[in-house]
Amino acid sequence: MPASCHRASIVALVALMMACLAPAVSSAAYPERAITLIVPFAAGGPTDIIARIISNAFQRSLGQSVVVENRGGAAGNIGMAIAARAAPDGYTLLLTSTAIAVNPALFRNLGYDPFKDFAPVSELVNAPNVIVVRANSGIETLADLIARAKAAPHTFNYSSPGAGTKSHLTGEQLKLRADIDMVHVPYRGAGPAAMAVLEGTVQVGSVALAAAEALIKDGQLKALAVTGATRWFSLPDVPTMIESGFPGFVSDTFNALFAPAGTPPDILSRLAKESQAAMTSADAPEQARKAGFQVVGGTPDQLATRLAAEIPAVKELVGRLGIKPE
């Protein structure tokens, strides 16, 4: 072989080896620059609060800046679609809510596939919804509410933070399971939905617990049941839906971290470990509680399992309710 050809072969072989090694070297050094954390909702909301907690923790543990980028709109679909199209290199992540599990049942064209376009990292926090009435309503238990609704059909209204939210689906699930009739009245957020109950605009509220907790503790609203798997730590006297006679009735809201599909496994593994450590150390648990959440800090497999179960379950419920995707 001529010397020039031999040298060309060596150069080509070295180039090929470097190309193969580049991703490993890059992953091993991760992160080498700032990380962008996309939040598909407006600043100041519950998901944004959790994003600020995790971004501060990541900055300390990873040694790089973490920029929270709020890309709200279309019930979170705009931001999630942007994250789905990001380079799978660990430098653009998605922190989203239960919308990623609910929206596939409500929208025909999401702009992303929750299974194909994202790699689960960790369920960071979750929180139940709560069924509330005015404290002076004379309704003391969920059984009381159901009895009254059956005795006077078509007279009860219930509020939620908006059509298609997990709280809305909680209210509709209650109607189905208890065989009662209540008219849904959507509001722009959990705060206004809770206030509607307090003001007597509606008789019942199905809202995120954080929005109603202060009113419950002040004795202005009566909590009939929480929709988590267990009782809420700061309202230990309020039973769960399961304890109230509805086996398997769990309808909570989560915030979780995802990376674009194709992100290197070692980066995903590190992000998962850092997420779990971040949410269980320092002041993160207390900050999460103040925002109305409890820390989960789950594994990628646990988050994947949750999505695999929840997305079809929501689709089935929405189908039973006759809600047509937009």
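Every value quoted in this text rests on a predicted model; they were computed, and no experiment measured them.

Basis of the calculations
- Residues numbered from 1 in each chain as written.
- Predicted model: local features only at pLDDT ≥ 70, side-chain atom pairs only at ≥ 80, totals over all residues.
- Heavy atoms only, no water.
- Helix = DSSP H or I, 4+ residues; strand = E, 2+ residues; numbered from the N terminus.
- Buried < 20%, exposed > 50% of the residue type's maximum accessible area, 1.4 Å probe, protein only.
- Polar contact = N/O pair within 3.5 Å; in protein donor to acceptor, adjacent residues only side chain to side chain.
- Contact = heavy atoms within 4.5 Å.
- pLDDT = per-residue confidence, 0-100.
- Phe/Tyr/Trp six-rings, centres within 6.5 Å; stacked < 30°, edge-to-face > 60°.
- Lys NZ or Arg CZ within 6 Å of the ring centre and 35° of its normal.
- Axes fitted to C-alpha atoms, helices over the stretch in contact; angles between N-to-C directions.
- Parallel < 35°, antiparallel > 145°, perpendicular 65-115°, else oblique.
- Left-handed = near helix turned anticlockwise from the far one by under 90°.
- Nonpolar A, V, L, I, M, F, W, Y, C, P; charged D, E, K, R; others polar.
- Core = buried A, V, L, I, M, F, W, Y, C linked by side-chain atoms within 4.5 Å.
- Pairing = 2+ DSSP bridges.

**Student:** Could you give an account of the side chain of Asn103, naming the residues involved and the relevant values?
**Tutor:** If you trace the backbone, Asn103 turns up in helix α4 (residues 99–106). Exposure remark for Asn103: the relative accessible area of 3% places this residue in the buried category. Separated by 2.9 Å, the side chain of Asn103 and the backbone oxygen of Ala75 make a polar contact. Aside from chain neighbours lying at most four places away, what touches Asn103 is Ala74, Ala75, Asn77, Met80, Leu110 and Tyr112.

**Student:** Go over the confidence of the model for the chain, please, and point to the residues and values.
**Tutor:** Summing up the model confidence of the chain, the mean pLDDT is 89 and the portion of residues at 70 or higher is 91%. Segment residues 3–26: pLDDT under 50, and two contacts once partners within four positions in sequence are set aside and those in other chains are kept.

**Student:** Hey, could you go over the packing of aromatic side chains for me, with residue numbers and the actual values?
**Tutor:** For the coordinates displayed, the defined rule picks out five aromatic pairs. Consider the rings of Trp232 and Phe233, whose centres lie 4.5 Å apart with planes at 40°: the pair is tilted. Residue Phe233 is classed as partly exposed on the basis of its relative accessible area of 34%. The structure contains a cluster of three or more aromatic residues connected by ring pairs, namely Tyr112, Phe118 and Phe258. Here the basic side chain of Arg289 rests over the ring of Phe233, its NZ or CZ set 4.0 Å away from the ring centre.

**Student:** Go over the packing of helix α6 (residues 166–178) against helix α11 (residues 300–321) with me, naming the residues and quoting the values.
**Tutor:** Interhelical geometry of α6 versus α11 gives an angle of 60° and a closest axis separation of 11 Å. Considered as vectors, α6 and α11 are oriented oblique to each other. Handedness of the α6/α11 crossing: left-handed. Here α6 contributes Lys166, Leu169, Glu172, Gln173 and Leu176 to the contact with α11, which in turn contributes Arg306, Glu310, Val314, Leu317, Val318, Arg320 and Leu321. Residue classes in the contact of α6 with α11 are distributed as six nonpolar, one polar and five charged.

**Student:** Could you give me a rundown of the packing of helix α7 (residues 190–199) against helix α8 (residues 209–217), with the residues and numbers involved?
**Tutor:** Viewed as axis vectors pointing N to C, α7 and α8 meet at an angle of 35°, and their least axial separation amounts to 8 Å. The handedness of the crossing between α7 and α8 is right-handed. Residues Ala190, Gly191, Ala194, Met195 and Leu198 of α7 touch α8, and the partners they reach there are Ala211, Ala212 and Leu215. Taken together, the residues of the contact of α7 with α8 sort by class into seven nonpolar, one polar and no charged.

**Student:** Now, about α4: what can you tell me, with residues and values included?
**Tutor:** Most of α4 is tucked away: eight of the eight residues are buried. Contacts from the buried residues of α4 go to α3 (77–84), β3 (92–97), β4 (118–134), α6, β9 (252–260) and α11.

**Student:** If you had to explain the nonpolar core to someone new, which residues and values would you point to?
**Tutor:** If you look at the biggest cluster of nonpolar residues, it comprises 52 residues, and the most contacted ones within it are Leu37 and Val130. In contact with Val130, other than residues within four places in its own chain, are Gly205, Ser206, Val207, Ala208, Leu209, Ala212, Ile216, Ala223, Ala225 and Val226. Judged by nonpolar contacts, the second largest core, of 27 residues, contains Met80, Ile82, Leu307 and Val314.

**Student:** I'd love a proper account of the environment of Asp144, names of residues and values included.
**Tutor:** As for its position among the elements, Asp144 is in helix α5 (residues 142–151). A C-alpha to C-alpha distance of 20 Å links Asp144 and Arg231, two positions 87 residues apart in sequence. When neighbours within four sequence positions are excluded, Asp144 is seen to be in contact with Gly138 and Ile139.

**Student:** Which residues make up the pairing of strand β7 (residues 204–208), and what values go with them?
**Tutor:** Here β7 lies mainly inside the structure; four of its five residues are buried. Bridge analysis of β4 against β7 gives five bridges, and the strand direction is antiparallel. From the neighbouring strand, Val130 faces β7, where its bridge partner is Val207. As paired elements, strand β5 (residues 157–160) and β7 share two bridges and run parallel to each other. Directly across from Ser159, in β7, lies its bridge partner Gly205.

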